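# Summary of structural features
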Amino acid sequence: GFSLSKQVKTDVQGTMRSVFEKYDGKNPESTVVDYLQEQLHCCGVKNYSDWTTTQWFNSTGNNSVPQSCCQQEAKNCTGHLDQPQEL
């Protein structure tokens, strides 16, 4: 397993990126992405900046990431990128 860890990591990241690219906030893939981000306390594949290259980010035009990226204790978080400390 260890000898293939780099390949597994690359494959998982590629799969995650393709799911993130399908994100629209409504479809089943979006629900999975939101759930994972909330449960794993993460945002994007590596970090929140991964969202800036997605179709969803470019189509919304609001310079924000999904609210599932927000830290649980950040009660007024909107996902806006001008408040990265809340992500």
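Thresholds applied
- Residues numbered from 1 in each chain as written.
- Predicted model: local features only at pLDDT ≥ 70, side-chain atom pairs only at ≥ 80, totals over all residues.
- Heavy atoms only, no water.
- Patch = residues over 30% accessible without salt bridge, like charges linked within 9 Å, V, L, I, M, F, W, Y side chains within 5 Å.
- Areas by Shrake-Rupley, 256 points an atom, 1.4 Å probe, with all protein chains shown as cover.
- Salt bridge = Lys/Arg side-chain N within 4 Å of Asp/Glu carboxyl O.
- Helix = DSSP H or I, 4+ residues; strand = E, 2+ residues; numbered from the N terminus.
- Core = buried A, V, L, I, M, F, W, Y, C linked by side-chain atoms within 4.5 Å.
- Buried < 20%, exposed > 50% of the residue type's maximum accessible area, 1.4 Å probe, protein only.
- Contact = heavy atoms within 4.5 Å.
- Phe/Tyr/Trp six-rings, centres within 6.5 Å; stacked < 30°, edge-to-face > 60°.
- Lys, Arg positive; Asp, Glu negative; His and termini not counted.
- pLDDT = per-residue confidence, 0-100.
- Disulfide = S-S within 2.5 Å.

Residues V32, Y35, L36 and L40 make up a contiguous nonpolar surface patch of about 410 Å² in total accessible area. Structurally, the position occupied by L36 is in helix α2 (residues 28-40).

Attention now goes to the nonpolar core. In globular proteins that are soluble, nonpolar side chains generally tend to be buried together. The biggest cluster of nonpolar side chains holds 14 residues, and the ones touching the most others in it are W51, V65, C69 and L87. Filtering out sequence-adjacent residues up to four positions away, C69 remains in contact with Q37, C42, C43, W51, E86 and L87.

All chains considered together, the criterion is met by four aromatic pairs. Residues F20 and W51 carry aromatic rings whose centres are separated by 4.9 Å and whose planes lie at 40 degrees to one another, so their mutual orientation is tilted. Here F20, found in helix α1 (residues 5-21), pairs with W51, found in the loop between α2 and α3 (55-60); they are 31 residues apart in sequence, far enough to count as distant. In this structure, F20 and W51 share a single accessibility class: buried. Between W51 and W56 the ring centres are 5.7 Å apart and the planes differ by 75 degrees, which places this aromatic pair in the edge-to-face class. When sorted by exposure, W51 lands in the same class as W56, which is buried. Taken together, F20, Y23, W51 and W56 form an aromatic cluster joined through their ring pairs.

What follows deals with the side chain of D34. Among the secondary structure elements, D34 is positioned in helix α2. In this structure D34 is buried but unpaired, with K26 as the nearest side chain of opposite charge at 12 Å. Dropping the residues within four chain positions of it, D34 is found in contact with Y23, P66 and S68.

So, about the confidence of the model for the protein chain. Summary statistics for the protein chain give a mean pLDDT of 87 and a share of 90% for residues scoring 70 or more. Within the protein chain, no element has a lower average pLDDT than α1, which sits at 75, and none a higher one than α2, at 92.

Enumeration over the complete set of coordinates arrives at two disulfides. Disulfide pairing places C43 opposite C69 at an S-S distance of 2.1 Å. An S-S torsion of about 80 degrees defines the bridge between C43 and C69 as right-handed. Within this pair, whereas C43 is found in the loop between α2 and α3, its partner C69 is found in the segment after α3, the two being separated by 26 residues in sequence. Of the two residues, C43 and C69, both sit in the buried class. Covalent S-S linkage joins C70 and C77, the inter-sulfur distance amounting to 2.0 Å. Taking the sign of the S-S torsion, about -70 degrees here, the bridge from C70 to C77 comes out left-handed. Judged on exposure class, the residue C70 and its partner C77 are both buried. Take C42: it sits in no disulfide, and the sulfur closest to it among the cysteines is that of C43, at 7.4 Å.

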